[in-house]
Amino acid sequence: MSHPRCDETIAWTALGGHYEAHGRELDLREAFARDAGRAAAFSLQAPEIFADLSKNLWDDSTRRLLVELAEGVHLAERRDAMFAGEPINTTEGRPVLHTALRAPRGAGPFSDEVHEVLDRLLAFAERVRDTATSGITDIVNIGIGGSDLGPQMAVPALDAFAHPGLRLHFVSNVDGHDIAPVLRRLNPATTLFIIASKTFTTQETMANAGVARAWFLANGGTDTRKHFVGVTTNLKAAAEFGITETFGFWDWVGGRYSLWSAIGLPLAIAIGADHFRAFLAGAHAMDQHFAQAPLRENLPVQLGLLDVWYRNFHHFSSRSVAPYHQGLKRFPAYLQQLEMESNGKRVDSEGRALRLGTSPVVWGEPGTNGQHAYFQMLHQGTDVIPVEFIAVKTPTHEHADLHTKALANCLAQSQALMLGKTAAEAATESAPTASATLDRTVLSRHRSFPGNRPSTTLVLDALTPRALGALIALYEHRVFTSAAVWGINAFDQWGVELGKALCNQLLPRFASGDLSGLDGSTAALLQRLRA
Ligand SMILES: O=P(O)(O)OC[C@H]1O[C@](O)(CO)[C@@H](O)[C@@H]1O
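Remember, it's a predicted structure, so these values are computed and weren't measured experimentally.

Chemist: Honestly, the pairing of strand β3 (residues 138-142) in this entry has me stumped. Any pointers?
Modeler: Residues in a regular strand project their side chains so that they alternate between the two faces of the sheet. Burial within β3 is extensive, with 5 of its 5 residues counted as buried. Of the two faces of β3, the one holding Asp138, Val140 and Ile142 and the one holding Ile139 and Asn141 are both buried throughout. Relative to strand β4 (residues 167-171), β3 runs parallel, the two sharing 5 bridges. Considered in β4, the bridge of Ile142 is made with Val171. Sheet analysis places β3 next to strand β5 (residues 191-196), joined by 5 bridges and oriented parallel. Bridged to Ile139 within β5 is Leu192.

Chemist: Sorry if this is basic, but what is going on with the site of the ligand here?
Modeler: The environment of the ligand is formed by 14 residues, the closest being Gly146, Ser147, Ser197, Thr199 and Thr202. Interatomic distance of 3.2 Å between a side-chain N/O atom of Gln337 and an oxygen atom of the ligand. Within the side chain of Glu341, an N or O atom sits 2.8 Å from an oxygen atom of the ligand. The cavity where the ligand resides is the largest pocket.

Chemist: Any chance you could explain a nonpolar patch on the surface here in plain terms?
Modeler: Together, Phe510, Leu525 and Leu529 give the surface a local cluster of nonpolar side chains, amounting to about 310 Å² of exposed area. Here Leu525 is to be found in helix α22 (residues 520-530).

Chemist: I'm lost on the pairing of strand β7 (residues 245-248) in this one. Help?
Modeler: In the sheet, strand β6 (residues 228-232) pairs with β7 via 4 bridges, with the strands oriented parallel. Opposite Gly230, over in β7, you have Thr246 as the bridge partner. Handedness of the crossover joining β6 and β7 through helix α12 (residues 235-241): right-handed.

Chemist: When you look at the layout of surface pockets in this model, what are you seeing that I'm missing?
Modeler: Rolled over the atoms, a probe sized like a water molecule indicates the empty space that remains. Volume-wise, the largest pocket comes out at about 940 Å³. Along the walls of the largest pocket sit 43 residues, with Thr199, Thr202, Glu341, Gln493 and Lys500 positioned nearest its centre. Of all the secondary structure elements, the ones that give two or more residues to the lining of the largest pocket are α8 (149-157), α10 (203-218), α15 (331-343) and α21 (497-512). Among the elements that make up the lining of the largest pocket, the one with the highest residue count is α21 (4 residues).

Chemist: Hey, could you run me through the confidence of the model for the protein chain in this one?
Modeler: Caution applies to low-pLDDT parts of the model: their predicted coordinates are not meant to be read in detail. This prediction gives the protein chain a mean pLDDT of 97; 100% of its residues lie at or above 70. Scored as a complex, the prediction yields pTM 0.97 and ipTM 0.98.

Chemist: So what exactly am I meant to see when it comes to helix α6 (residues 111-129) here?
Modeler: Residues spaced three or four apart along an α-helix face the same direction, because each turn holds 3.6 residues. The end-to-end C-alpha distance of α6, which contains 19 residues, comes to 26 Å, matching closely the 27 Å that a straight helix rising 1.5 Å per residue would cover. Of all the positions in α6, only Ser111, Val114, His115, Val117, Leu118, Leu121, Leu122, Phe124, Ala125, Val128 and Arg129 are classed as buried.

Chemist: Quick question: what am I supposed to make of the nonpolar core here?
Modeler: Side chains of a nonpolar character, in soluble globular proteins, are inclined to be buried together. Leu69, Leu265, Phe331 and Leu468 are the most contacted members of the largest nonpolar core, which totals 117 residues. With near-sequence residues (within four places) excluded, Phe331 lies in contact with Met153, Pro323, Ile390, Leu471, Ile472 and Tyr475. By size, the runner-up hydrophobic cluster in this structure holds 19 residues, among which are Ile142, Phe193, Phe216 and Phe241.

Here is what the cut-offs are and how they apply
Residues numbered from 1 in each chain as written. Predicted model: local features only at pLDDT ≥ 70, side-chain atom pairs only at ≥ 80, totals over all residues. Heavy atoms only, no water. Buried < 20%, exposed > 50% of the residue type's maximum accessible area, 1.4 Å probe, protein only. Helix = DSSP H or I, 4+ residues; strand = E, 2+ residues; numbered from the N terminus. Pairing = 2+ DSSP bridges. Near = heavy atom within 4 Å. Polar contact = N/O pair within 3.5 Å; in protein donor to acceptor, adjacent residues only side chain to side chain. 1 Å grid on protein atoms, 1.4 Å probe; cavity = no way out; pocket = protein on both sides within 12 Å on 5 of 7 lines; lining within 4 Å. Sits in = over half its atoms within 2 Å of the grid points. Patch = residues over 30% accessible without salt bridge, like charges linked within 9 Å, V, L, I, M, F, W, Y side chains within 5 Å. Areas by Shrake-Rupley, 256 points an atom, 1.4 Å probe, with all protein chains shown as cover. Salt bridge = Lys/Arg side-chain N within 4 Å of Asp/Glu carboxyl O. Right-handed = clockwise from strand over helix to strand, strands pointing away. Points joined across faces, edges and corners; volume = space filled by probe spheres on them. pLDDT = per-residue confidence, 0-100. Expected span 1.5 Å × (residues − 1). Core = buried A, V, L, I, M, F, W, Y, C linked by side-chain atoms within 4.5 Å. Contact = heavy atoms within 4.5 Å.

Below is the structure:
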């Protein structure tokens, strides 16, 4: 079914006019001064997550027009088609059903298959966790992209729930400096390798899996069947590698949406079956919110629409994510694949070139570390970059004072971005390190902040398995929302293929030295690297 293009809707034109008339000039400080109810009016509660959207550059008309835009591009129909298993990944002719992986038993498409693998996976995870019997102390996940970033992000996030006697390691890079230091510290007899690859053909993963197997056998490992398991849709290739214990998933699970499938095995081993089920349940709760809440009260929809507003009307090309929880240190990297691999597209689903911006650059670091690195640019740089703060109310450690300091920093940053400081205010303050000879007016210009810089604050009560599940699903559906508005297929990734193909052509040239037909730069670099 074809849907209207966003830039041909009435709402798109209206948003353009609204931006010129009001949007560009909206001043957050004035908006809060004028409307005592602004914080409440622009806040939303979704499962496990409260969102304060009030420090964003929008007003009620913007929000109304954005909802009209969502209606104009048939967002609800597109969403329902995904949940119903229609082949919305048109270039690969596949449905997109990561939501089925977290639906309760008996609900959602493919329920029998999903729960058969899930039960087997969790039973296996529990056997590994019984360390007295399994003898396992270290688990190495070998995978890349969606077969790595999810578990690598979620395991530290849920460290407070993790088995204390198990160490989880993640190897992804084909650069041997990734696997070498991991293997150096391991004992084959107490190590379990998980070879995680949807296709079981990815160069990096296959190369590292081969290195791991050779190391295992060369260092006294005896039974590869007990120490290597596979997670893949390609059961045949896993068997050819010599793996007998394999957990399958399906081609309707995109790599970057696969943490909920058997790809979650490292997380299941770390936190156990009950917590893993809670993680799935949190995501399912967010699925239901996305499927059922009115568009205006639907948090993933509102975030996705704000992304469109910023990308296409304000022309902001990047968004920064600042989780004020060290456990979420890999969350920005996870989001980079989720959002940029999904929405980094230049044609719409029908192959027509887009005349508008799509995925922003998504980046960030946990607070407070980012404050001492790049926040200077967020406050005083020439580009406006919306920031997303993630605050967690209750810590899972006993250092209450540290936690209060982290939260105070989080609030202070969003406040500073919005309030700024005028040159006149700066002139009244003393600055201990300021030059004594520099003109005070000039100095105050350096020390002033424009302010009016937008941010969103997401608040979780605690970073539990359920809350993490809901948080990730929130981002998945938000990416779906902006993709639906732009009319792009968020579920393919052809852009990764060219580099892979060229790499395969270059690889033999390192042995042969053949430079024929190469461009001058590549030829010279290859020669230098061979030498
Ligand atoms: O799980 P696989 O098949 O090894 O693929 C790994 C990753 O490679 C990609 O295809 C491209 O980077 C990702 O989409 C995917 O998550």
